[in-house]
Amino acid sequence: MAGGGAVVPRMKLGSQGLELSAQGLGCMGMSAAYGPPKPDDEMIHLIHYAIQSGITFLDTSDIYGPHTNEILLSKALKDGVRDKVELATKFGFSSFRMDSQIREVRGDPEYVRAACEASLKRLQLDCIDLYYQHRVDTRVPIEVTMGEMKKLVEEGKVKYAGLSEASASTIRRAHSVHPITAVQLEWSLWSRDVEEDIIPTCRELGIVIVAYSPLGRGFFSYVLNQ
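All values reported here derive from a predicted model rather than from experimental measurement.

Novice: Kindly report on the nonpolar core, identifying the contributing residues and their values.
Specialist: In terms of nonpolar packing, the biggest core is built from 49 residues, with Tyr131, Leu163, Ile171 and Val183 touching the most fellow members. The element that contributes the greatest number of residues to this core is helix α4 (residues 109-123), accounting for six residues. With eleven residues, the next largest nonpolar core counts Leu18, Leu130, Tyr160 and Ala182 among its residues.

Here you go:
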């Protein structure tokens, strides 16, 4: 039970069989971006409360912190908690500074594999449920990047592949190499441009949209609580 007694339903994500809670918990703000990092013990308590409430879909990335959010989740998922959740993380930014937004995006096979191995080590896991390419490296054909992600799935290090902030044409090309389970993007009351071609493409291909910042990066929830 959660949120005033409302039951958090479960749903299938995409057409490849991944099932999870319809509502997810984005963990970025626990370690980065929205103010200073929060105390680990408080955030672990929050994660456990969410899971007890039926929210089992947890979303992180190697760049949140960087790295510290994945380490936080490794602590929260000890003592059998891992078996109760579906965990998504991401790769793609080989360098990033939250203050100045300096970014370098990589999607070459060597980096894809190295990033996955590093995330598995920080998370203390053998397998990632949903592994996204955080941003598309325009210097590397998406078919090449997805070829390496496909190998990670075949090796059992990743269960399902996803993309974040990809164009409709990129999604189609990636999906032709290996099934894309989910596309993550910003979709809210004031961010609707994805409805023109990305949403229809995903519906056609059986790919589920994971919408981040659906309440306008906190704006609408803040207004409603005033």
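There's plenty left to go through after this.
Novice: If you had to explain the pattern of salt bridges to someone new, which residues and values would you point to?
Specialist: Applying the stated criterion across every chain, the model contains 17 salt bridges. Note that arginine 82 is salt-bridged to aspartate 129, the shortest N-O span being 3.0 Å. Here arginine 82 is found in the loop between α3 (68-76) and β5 (86-91), whereas its partner aspartate 129 is found in strand β8 (residues 128-133), with 47 residues between them in sequence. Each member of the pair arginine 82 and aspartate 129 is classed as buried. Residues arginine 173 and glutamate 143 are paired through a salt bridge, measuring 2.9 Å at the closest nitrogen-oxygen approach. On the criterion of sequence distance, the pair formed by arginine 173 in helix α6 (residues 168-177) and glutamate 143 in helix α5 (residues 142-154) is long-range, its members being 30 residues apart. We classify glutamate 143 as partly exposed; its relative accessible area is 30%. In the salt-bridge network here, residues are joined through shared partners; they are Arg113, Glu117, Glu148, Lys151, Glu155 and Lys157.

Novice: Please give an account of the side chain of serine 61 that cites residues and values.
Specialist: Mapped onto the elements, serine 61 comes out in the loop between β4 (57-59) and α3. Ignoring anything within four residues of it in the chain, the contact list for serine 61 reads Glu70, Thr89, Lys90 and His134.

Novice: How would you summarise the packing of aromatic side chains if you had to cite specific residues and measurements?
Specialist: Under the counting rule described, the total for this entry stands at one aromatic pair. Their ring planes at 35° and their centres at 5.0 Å tell us that phenylalanine 91 and tyrosine 131 sit as a pair that is tilted. Within this pair, whereas phenylalanine 91 is found in strand β5, its partner tyrosine 131 is found in strand β8, the two being separated by 40 residues in sequence. The class for phenylalanine 91 is buried, based on a relative accessible area of 0%.

Novice: Mind laying out α6, listing which residues take part and the relevant values?
Specialist: Residue pairs spaced three or four apart in an α-helix point in one direction, given the helix's 3.6 residues per turn. Ala168, Thr170, Ile171, Ala174 and His175 are the residues of α6 that are buried. Axial view of α6: buried residues confined to an arc of 155°, hence all on one face. Elements in contact with the buried residues of α6: α5, β9 (158-164), β10 (180-186) and α7 (198-205).

Novice: Give me α4: which residues, what numbers.
Specialist: Relative to the 21 Å expected for 15 residues at 1.5 Å per residue, α4 spans 21 Å between its end C-alpha atoms, a close match to the ideal helical length. Taken together, the buried positions of α4 are occupied by Tyr111, Val112, Ala115, Cys116, Ser119, Leu120, Arg122 and Leu123. Looking down the long axis of α4, one finds its buried residues gathered within 165° of arc, a one-sided arrangement. Along α4, exposed side chains directed more than 90 degrees from the buried face belong to Glu110 and Lys121. Of the residues trailing α4, glutamine 124 is marked for its positive phi of about 60°.

Novice: Can you lay out the environment of proline 214 for me, pointing to particular residues and giving the numbers?
Specialist: Looking at the secondary structure, you find proline 214 in the loop between β11 (208-212) and α8 (219-224). Taking relative accessible area as the criterion, proline 214 reaches 44% and is therefore assigned partly exposed. When the C-alpha atoms of proline 214 and glutamate 186 are compared, they prove to be 7.0 Å apart, with 28 residues separating the residues in sequence. Apart from residues no more than four positions distant in its own chain, proline 214 is found in contact with Trp187, Ser188 and Leu189.

Conventions we followed
- Residues numbered from 1 in each chain as written.
- Predicted model: local features only at pLDDT ≥ 70, side-chain atom pairs only at ≥ 80, totals over all residues.
- Heavy atoms only, no water.
- Core = buried A, V, L, I, M, F, W, Y, C linked by side-chain atoms within 4.5 Å.
- Buried < 20%, exposed > 50% of the residue type's maximum accessible area, 1.4 Å probe, protein only.
- Helix = DSSP H or I, 4+ residues; strand = E, 2+ residues; numbered from the N terminus.
- Salt bridge = Lys/Arg side-chain N within 4 Å of Asp/Glu carboxyl O.
- Contact = heavy atoms within 4.5 Å.
- Phe/Tyr/Trp six-rings, centres within 6.5 Å; stacked < 30°, edge-to-face > 60°.
- Arc of directions from axis to C-beta.
- Expected span 1.5 Å × (residues − 1).

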